[in-house]
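Residue-level structural notes
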Amino acid sequence: MNRSSKAAAAALTAAGILAGGWAAAGPASAVDGAAPPPRERVLWGSVTISPGRDGIVEASGLSGPALGFGSSLTLTAPSGARATGVPLTTAGYRGEVAADGRTAAYTATSVESPWQTGTFPFVLAVPADAVPGARLDGCVLRLADAEGAERASGGCQVTVGLPSPVLSRPESGVPLGYRPTASGTAYPGAQVTVSDQDGNEVCVDTAGADGAWSCAPGRDLPAGANRLQATATMNGVSASSEQIQISVGSSSAEASPVPAR
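Structural notes, computed from the coordinates. Bear in mind the structure is a predicted one, so any value in this text is a computation, not a measurement. (Residues numbered from 1 in each chain as written. Predicted model: local features only at pLDDT ≥ 70, side-chain atom pairs only at ≥ 80, totals over all residues. Heavy atoms only, no water.)

So, the overall build of the protein chain
- Looking only at helices and strands, the protein chain features 1 helix and 20 strands.
- Taking all 261 residues of the protein chain together, 44% fall into the buried category.
- Put simply, of all contacts in the protein chain between residues at least 6 apart along the chain, 65% involve residues at least 24 apart.
- For the protein chain, the exposed area adds up to about 12800 Å²; of that, 49% sits on carbon and sulfur atoms. (Helix = DSSP H or I, 4+ residues; strand = E, 2+ residues; numbered from the N terminus. Buried < 20%, exposed > 50% of the residue type's maximum accessible area, 1.4 Å probe, protein only. Contact = heavy atoms within 4.5 Å. Areas by Shrake-Rupley, 256 points an atom, 1.4 Å probe, with all protein chains shown as cover.)

Digging into the sheet that holds strand β5 (residues 82-85)
- The strand order across the open sheet formed by 3 strands is β3-β8-β5, and the pairing between neighbours is antiparallel. With one partner strand each, in any of the chains shown, β3 (54-60) and β5 form the two edges of the open sheet. For this sheet the average axis-to-axis angle between neighbouring strands, irrespective of direction, equals 45°.
- In terms of strand pairing, β3 meets strand β8 (residues 119-125) through 7 bridges, oriented antiparallel. Residue pairing in the sheet places Ile56 in a bridge with Val123 of β8. (Pairing = 2+ DSSP bridges. Axes fitted to C-alpha atoms, helices over the stretch in contact; angles between N-to-C directions.)

Side note on the packing of aromatic side chains
- Under the criterion given, the structure shown has 5 aromatic pairs.
- Their ring planes at 55° and their centres at 5.1 Å tell us that Tyr93 and Trp115 sit as a pair that is tilted. With Tyr93 in strand β6 (residues 93-97) and Trp115 in the loop between β7 (103-108) and β8, this residue pair connects regions lying 22 residues apart in the sequence. Summarising the burial analysis for this pair, Tyr93 and Trp115 share the class buried. (Phe/Tyr/Trp six-rings, centres within 6.5 Å; stacked < 30°, edge-to-face > 60°.)

Some remarks on the pattern of salt bridges
- Scanning the entire structure with this criterion turns up 3 salt bridges.
- Asp220 is the partner of Arg179 in a salt bridge, and the nearest nitrogen-oxygen pair spans 2.8 Å. On the criterion of sequence distance, the pair formed by Arg179 in the loop between β13 (175-176) and β14 (182-185) and Asp220 in the loop between β17 (212-215) and β18 (224-234) is long-range, its members being 41 residues apart.
- Residue Arg179 is classed as partly exposed on the basis of its relative accessible area of 33%. (Salt bridge = Lys/Arg side-chain N within 4 Å of Asp/Glu carboxyl O.)

A short note on the state of the cysteines
- In the structure shown here, the tally under the stated rule is 2 disulfides.
- Across the disulfide, Cys139 is cross-linked to Cys156 (sulfur-sulfur distance 1.6 Å). Of this pair, Cys139 sits in the loop between β9 (135-136) and β10 (140-144) while Cys156 sits in strand β11 (residues 150-160), and the two are 17 residues apart along the sequence. Here Cys139 matches Cys156 in class, with each residue buried.
- Between Cys203 and Cys215 runs a disulfide, and the two sulfur atoms are separated by 2.1 Å. (Disulfide = S-S within 2.5 Å.)

A word on the nonpolar core
- Residues Leu75, Trp115, Phe122 and Leu124 are the most contacted members of the largest nonpolar core, which totals 30 residues.
- Elements with a contribution of two residues or more to this core: β2 (41-49), β3, β4 (72-76), β7, β8, β10 and β11.
- Per-element accounting of this core gives the leading share, 4 residues, to β11.
- Not counting the four nearest positions on each side in its chain, Leu124 is found in contact with Ile49, Arg53, Asp54, Gly55, Val57, Leu75, Ala77, Pro78, Arg82, Ala83, Thr84 and Val158.
- Of all hydrophobic cores here, the second largest spans 23 residues; its members include Leu176, Ala182, Ala207 and Ala230. (Core = buried A, V, L, I, M, F, W, Y, C linked by side-chain atoms within 4.5 Å.)

What follows is the structure, encoded as structure tokens:
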């Protein structure tokens, strides 16, 4: 596993993962929308991954007849993504990734009732040129017994997310006028909205081809302590910057004009 895959595994809950589930088959299949036969169980997971980053999609315990030694859970990566890691450290399972990144799998090696407890994470990598908001098709999950017979199947939803924008101005701790300029970087073409601590819109801009954006409030901000945060939105997905602490209303500070890009 490469360094970014290890980092994604170590920050499993911080990677924006939506936990997957294995549930009894419902009225529609997770794969193609058709109703599955009554004997089948549907496997499902979902994850949002920013361009050029890794993320983890999980499957969780399957109820029903236990599958024993040699049974396996395989993920086929969606079109436009690669499987890069199988970070599960629980004893009783062996993980491996195909050399071409098309599939990754866990095989039960010693557990008495595999797949019924715990979660099974797969690391997926999305290329840097992936379009934010796109859904990558073709992700398949398959559970097979030791003889290779399919016992459950399904899919996972992989959505290309947005990198978090950067709010670099105004600087925290510096006395500010009532209409301070905000600026930073974001994914090119994303709309960036700066909000205060109460969620009120402060100003809006669109990131340029170089990712730079800047804007200034159209009205005075309230005097005193406040917090600012930038949120980027594009094609139905969004991401937010870290918040910065500001203090508005210093008599020595004046509003600065929006710098030209």
